[in-house]
Amino acid sequence: MSDALDKAEAAVKEASVDTAAVQLAFAAMEVAKMAQQSVPAPACDHQHKQGRSTGEWLAIGCAVCVGSVGIAIGFIAFAIGGISVAILALVLRAMWRDFQKTH
């Protein structure tokens, strides 16, 4: 029976030591909370701009892609127009030479 009593006493001592450790941990957490609350946030006079969201960046990327394709098509149309003018000039020159030979 004394064996059981010794085990019970050891369990009570261990529980009291564990309880003290838990109480110390809770006290340390409370001190940390108070330290965080007592530190004032730095005050500044200027407004902070929020960064762009993912949707905004996707929209900007799509707009740039569409704009680039539009510019490329515009340059292709300009090149086709230039070639057409060059061909027209050659045809008109040939016609003018033929007209000059007959008269």
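Quick note: structure is the one above.
Here we summarise the structure given alongside this text.

Analysis parameters
Residues numbered from 1 in each chain as written. Predicted model: local features only at pLDDT ≥ 70, side-chain atom pairs only at ≥ 80, totals over all residues. Heavy atoms only, no water. Phe/Tyr/Trp six-rings, centres within 6.5 Å; stacked < 30°, edge-to-face > 60°. Helix = DSSP H or I, 4+ residues; strand = E, 2+ residues; numbered from the N terminus. Buried < 20%, exposed > 50% of the residue type's maximum accessible area, 1.4 Å probe, protein only. Lys NZ or Arg CZ within 6 Å of the ring centre and 35° of its normal. Patch = residues over 30% accessible without salt bridge, like charges linked within 9 Å, V, L, I, M, F, W, Y side chains within 5 Å. Areas by Shrake-Rupley, 256 points an atom, 1.4 Å probe, with all protein chains shown as cover. Salt bridge = Lys/Arg side-chain N within 4 Å of Asp/Glu carboxyl O.

Turning to the packing of aromatic side chains, a few remarks are in order. Under the counting rule described, the total for this entry stands at one aromatic pair. On the basis of an interplanar angle of 35 degrees and a centroid distance of 5.9 Å, the ring pair of Trp96 and Phe99 is categorised as tilted. On the criterion of helical spacing, the pair formed by Trp96 and Phe99 is a turn pair, its members being three residues apart in helix H2 (residues 54–102). The exposed category is assigned to Trp96, whose relative accessible area is 52%. Directly above the aromatic system of Trp57 lies the positively charged group of Arg52, at a separation of 5.8 Å from the ring centroid.

A separate point is a nonpolar patch on the surface. Together, Ile83, Ile87, Leu88, Val91, Leu92 and Met95 line one region of the surface with nonpolar side chains, adding up to about 590 Å² of accessible area. Counting through the fold element by element, Val91 comes out in helix H2. Residue Val91 is classed as partly exposed on the basis of its relative accessible area of 42%.

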